[in-house]
Number of protein chains: 2
Amino acid sequence: MPMGTSRTGAAVATARKQVSRTGRVAAAPRMGTKLPVNEILIGDCIAALEKLPAESVDLVFADPPYNLQLEGALMRPDHSRVDAVDDAWDQFASFAAYDAFTRAWLLAVRRVMKKNATLWVIGSYHNIFRVGTALQDLNFWILNDVVWRKTNPMPNFRGKRFTNAHETLIWASRSPDAKGYTFHYDAMKAANEDVQMRSDWLFPICTGEERLKDTEGRKVHPTQKPEALLARIMLASSNAGDVVLDPFFGSGTTGAVAKMLGRNFIGCERDLTYADAARARIAAVEPVDPEALKAAPEKRSEPRIPFLSVVEGGMLRPGEVLTDARGRHQAMIRADGRLSLGPAIGSIHKIGALAQGLPACNGWTFWHADRGGERVCIDSFRAQLRASMSAA
Amino acid sequence: MPMGTSRTGAAVATARKQVSRTGRVAAAPRMGTKLPVNEILIGDCIAALEKLPAESVDLVFADPPYNLQLEGALMRPDHSRVDAVDDAWDQFASFAAYDAFTRAWLLAVRRVMKKNATLWVIGSYHNIFRVGTALQDLNFWILNDVVWRKTNPMPNFRGKRFTNAHETLIWASRSPDAKGYTFHYDAMKAANEDVQMRSDWLFPICTGEERLKDTEGRKVHPTQKPEALLARIMLASSNAGDVVLDPFFGSGTTGAVAKMLGRNFIGCERDLTYADAARARIAAVEPVDPEALKAAPEKRSEPRIPFLSVVEGGMLRPGEVLTDARGRHQAMIRADGRLSLGPAIGSIHKIGALAQGLPACNGWTFWHADRGGERVCIDSFRAQLRASMSAA
DNA sequence: GGTAGGGTTGAATCGGGGA
DNA sequence: ATCCCCGATTCAACCCTAC
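Residues numbered from 1 in each chain as written. Chains lettered and ligands numbered in written order. Predicted model: local features only at pLDDT ≥ 70, side-chain atom pairs only at ≥ 80, totals over all residues. Heavy atoms only, no water.

We now examine the UniProt feature "domain: DNA methylase N-4/N-6" (unreviewed entry) in chain A. When the UniProt feature table is mapped onto this chain numbering, "domain: DNA methylase N-4/N-6" (unreviewed entry) sits at residues 57-278 of chain A. In residues 57-278 of chain A, the share of helix is 27% and the share of strand is 22%. The end C-alpha atoms are 20 Å apart. (UniProt positions renumbered as here; feature names shortened; annotations may be inferred. Helix = DSSP H or I, 4+ residues; strand = E, 2+ residues; numbered from the N terminus.)

Below you can see the structure in the form of structure tokens.
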């Protein structure tokens, strides 16, 4: 056992006979092996998992390398350099190599999952499709894909794509016939203002106090996940006292949240720097009273309504002319959701400012449409749309 | 040509020689073949696409089937039913059949895509991971995954999962080196309250007036997509006059929105009931005013104005001192349109970079001149000059 | 084909100075 | 003391054209 490991709740499980459902040859189950919990196993997760008894963990959270295919350096418009994930652990020679890696760790994980255990994997478009395909091929059963919407994503610096503002999680059970998995439907519903918890979750990225820094103020791990995300996952799909496995432990968010919520964890991590930081972090965690978490309300933000949505929704028609309240200024709605005023084209705000010769303008309150001879402020269309979209 | 097909804007394209970039043997290009637009091609999309000229469409939207059990293409060769979801072999056979089907239509689509065309595919967790993997394996290049968040999703009735409240779209270019694809960054940003459009979009599902019903009030198509979704896609990634292909045309949302937005469409559909409903639907569509669709000047392709022209035009005087926005750096304008900073002489960009100690700098936005006590960005002089030149 | 010009960033945290 | 504003910093990465 590595030095300095905190054992918040020692537990032991006995391995049951492993039944291979895939027809593949699996490592022989280690009957009677003890299950080390609340420890970080140093080394490659596949090797580490082989030493654990089969069918012994209740929940898995995996944040595998994303296999980002980066080429040159990315600069911000001010020519500062974006701190890239250029670590060796994220480099793979090919999609085939990444797929082989993915299948290997998924099989190693499946062996230690209890029959009714479930697995969460997080990824981006670089890797998540390959993970999802591997899961299906290996006879895992996908229960949901869940989208983590970031309140504060990194912008797109080149103006060539949409801002990459989300990551995808896949939630899967061990096999299609494993129907007895844990899902706290009522708790999720209660936490979501008494409507069913949806498959799109809104959280900020991990910054500020929560973000682990080294003595020189640099981030310890490039991709530290927010604790709120892990808390949602554990509250939804595990029980107090359960064993939660994280085969790519990194900075230890899974361990920290597990301790906080009264779960046991097992982490695998190859990098000693990460593992040391994670141990210190987890040691400082104060477990919370589970009662206090029950009604943790979903953070909700007033949805930003693009003017384009009002046009796409048919409330205003491209080609229609907008005026100000007294009909002194005019502009035409373009199909793309911008306005044109003479040769100028821009947002409702920019064109409103231009019309008045002001530096800024709230286009929502400035522009009006003709509805049966009455000038109707376009903000009323936004209000209608908000009301119809409040369900989300 | 199928009866009843509306031809809103007959167009003809000539096939260019197809260069296979994948090393696969492709069907021989059909030189001189005419491109039928604003029509629905009846039959299997793979067969229909083979009759089209190579490299002839600008945008593809595909909503492929993902019901593994019910689609003819996914039956076993002996037409026996694939059942027993817990049978691993059947699972695998079923996925393998779906993958073969996916690769086949993707290759057929790729052949007719222009070099800089892009492709959108929509799906759910049942199929989207397989589609994404196939796209990467076939050397498409994923630009974004986009999440359509539904304001009014179908609730989860069993209470065993999260409400499936989104679908996933993948946006991909034809190959990693196809960098010249269409993306209306400025339009998307202006239409989204002057911040970059994100990868998560919020739309209601298709209901009410928009939803096609048969004479008995039943919905014509089970998965009719909202027009707003297609409008966002076409406005972001195509131009007026472009050809938009939909290989799984269904109820014809792609065609209806294409006609509305001044694009041409090509649809493939096997089911005559769907095709008939789509034709009638599209015939009733009123295109928007072409004025509202006019191409806006893209910043990247505006004519280049030499800084010297601004000096020659008298808007800045040789000898005048420029500063940055906060007055921390200074440089003097030379009569030859270069700046001098101490002993250094160079372009506005080079001297701006030098002043800040950066590798590069946009001198147009960095340097300011004093006009009546106000610091005025020199880019505004360029804008004036551009305006006066375009007027001529 | 190499080089240079000219495009391209939103939300949040944190620290310091002034009201 | 407290608040507010401003500037610096940071976050799973993302270019094209003209000469």
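Further remarks concern the interface of chain B and chain A. Residue-level contacts link 82 residues of chain B with 84 residues of chain A. Across the chain B to chain A interface the summed buried area is about 7300 Å²; carbon plus sulfur atoms make up 54%. It is Phe129, Phe162 and Glu193 of chain B that lose the most area in chain B upon contact with chain A, and together they represent 12% of the buried surface on that side. The tally of links from chain B across to chain A stands at six salt bridges. Arg149 of chain B serves as the salt-bridge partner of Asp200 of chain A, at 2.6 Å between the closest nitrogen and oxygen. Applying the counting criterion to the chain B and chain A interface returns 45 residue pairs in polar contact (both at pLDDT 80 or more). Contributing elements (two or more residues each) for the side of chain B that touches chain A: helix H2 (88-112), helix H3 (128-137), strand S4 (141-150), strand S5 (166-173), helix H4 (185-191), strand S6 (200-203) and helix H5 (227-237) of chain B. (Contact = heavy atoms within 4.5 Å. Buried area = accessible area lost by both parts, 1.4 Å probe. Salt bridge = Lys/Arg side-chain N within 4 Å of Asp/Glu carboxyl O. Polar contact = N/O pair within 3.5 Å; in protein donor to acceptor, adjacent residues only side chain to side chain.)

Turning our eyes to something else, we now look at the domain arrangement of chain A. Considered domain by domain, chain A is made up of domain 1 (39-70 + 82-293) and domain 2 (307-391). When each unit is reduced to the centre of its C-alpha atoms, the spacing between domain 1 of chain A and domain 2 of chain A is 43 Å. (Domains from an automatic or database assignment.)

All right, on to the protein's contact with DNA strand C then. Lining the immediate environment of DNA strand C, one finds 29 residues, of which Phe157 and Arg304 of chain A together with Tyr185, Lys189 and His349 of chain B sit closest. Contact distances for DNA strand C include 2.9 Å between a base nitrogen and a backbone N or O atom of Pro153 of chain A. Contact between DNA strand C and Lys350 of chain B: a phosphate oxygen at 3.0 Å from a side-chain N or O atom of the residue. Of the residues belonging to the surface near DNA strand C, the class tally is eight nonpolar, 10 polar and 11 charged. (Near = heavy atom within 4 Å. Nonpolar A, V, L, I, M, F, W, Y, C, P; charged D, E, K, R; others polar.)

Bringing the packing of helix H6 (residues 253-260) of chain B against helix H7 (residues 272-283) of chain B into the picture now. Residues and elements named next belong to chain B. At a closest axis distance of 9 Å, the pairing of H6 and H7 adopts a crossing angle of 15°. Taken together, H6 and H7 sit at an angle that is classed as roughly parallel. Where H6 crosses over H7, the two elements pack in a sense that is right-handed. On H7, the residues touching Thr253, Gly255, Ala256 and Lys259 of H6 are Arg281, Ile282 and Ala283. Residue classes in the contact of H6 with H7 are distributed as three nonpolar, two polar and two charged. (Axes fitted to C-alpha atoms, helices over the stretch in contact; angles between N-to-C directions. Parallel < 35°, antiparallel > 145°, perpendicular 65-115°, else oblique. Left-handed = near helix turned anticlockwise from the far one by under 90°.)

Residue and element names in this part refer to chain A. Looking at chain direction, strand S9 (residues 321-323) and strand S10 (residues 330-333) are connected through three bridges and run antiparallel. By the bridge assignment, Val321 is partnered in S10 with Met332. Counted between consecutive antiparallel strands, the loop separating S9 from S10 contains six residues, among which Gly327 sits at a positive phi close to 70°. (Pairing = 2+ DSSP bridges.)

This part is about the sheet that holds strand S1 (residues 39-42) of chain A. All names here are of chain A. Pairing in this open sheet of eight strands is mixed, and the strands run S1-S8-S7-S2-S3-S5-S4-S6 from one edge to the other. A single partner strand is all that each edge strand has here, and the edge strands are S1 and strand S6 (200-203). Averaged over all pairs of adjacent strands, the angle between their axes in this sheet comes to 20°, without regard to strand direction. In the sheet, strand S2 (residues 57-62) pairs with strand S3 (residues 113-123) via five bridges, with the strands oriented parallel. Its bridge partner being in S3, Val57 is matched across the sheet by Met113. Against the sheet, helix H2 (residues 95-112) makes contact with S2, S3 and strand S7 (243-246), and its axis sits at roughly 145° relative to S3, the strand it touches most.

Next up on the list: the packing of helix H5 (residues 227-237) of chain A against helix H6 (residues 253-260) of chain A. Residues and elements named next belong to chain A. Packing of H5 against H6 brings their axes to within 9 Å, and their N-to-C directions diverge by 55°. Overall, the two elements H5 and H6 adopt an arrangement that is oblique. Viewed along their axes, H5 and H6 form a crossing whose handedness is right-handed. In this structure, H5 uses Glu227, Leu230, Ala231 and Met234 to contact H6, whose residues at the interface are Thr253, Thr254, Ala256, Val257, Ala258 and Met260.

Let us look at the protein's contact with DNA strand D. In the vicinity of DNA strand D there are 36 residues, among which Gly72, Tyr125, Pro155 and Phe157 of chain A together with Lys179 of chain B approach most closely. Near the protein, meaning within 4 Å, the atoms of DNA strand D are sugar or phosphate in a fraction of 55%, with bases accounting for the rest. Contact between DNA strand D and Arg76 of chain A: a base nitrogen at 3.2 Å from a side-chain N or O atom of the residue. Side-chain polar atom of Lys219 of chain A to a phosphate oxygen of DNA strand D: 2.9 Å apart, as the coordinates give it.

Here we come to the packing of aromatic side chains. Following the criterion strictly, the structure yields 35 aromatic pairs over all chains and no others. Ring geometry for Phe92 of chain A versus Phe101 of chain A: centroids 5.0 Å apart, planes at 45°, classification tilted. Taken together through their ring pairs, the aromatic side chains of Trp120, Trp171, Tyr181, Phe183, Tyr185, Trp201 and Phe203 of chain A together with Phe162 of chain B make up a single cluster. Note that Arg110 of chain A overlies the ring of Phe140 of chain A, its terminal NZ or CZ placed 4.4 Å from the centroid. Here the basic side chain of Lys150 of chain B rests over the ring of Trp148 of chain B, its NZ or CZ set 5.1 Å away from the ring centre. (Phe/Tyr/Trp six-rings, centres within 6.5 Å; stacked < 30°, edge-to-face > 60°. Lys NZ or Arg CZ within 6 Å of the ring centre and 35° of its normal.)

Residue and element names in this part refer to chain B. The eight strands lie next to each other as S1-S8-S7-S2-S3-S5-S4-S6, forming an open sheet whose pairing is mixed. Since the sheet does not close on itself, it has two edges, and those belong to strand S1 (39-42) and S6, each with one partner. Taken pair by pair, the neighbouring strands of this sheet meet at an average axis angle of 20°, ignoring direction. Here S4 pairs with S6 via four bridges, running parallel. The residue bridging Arg149 from the neighbouring strand is Leu202, located in S6.

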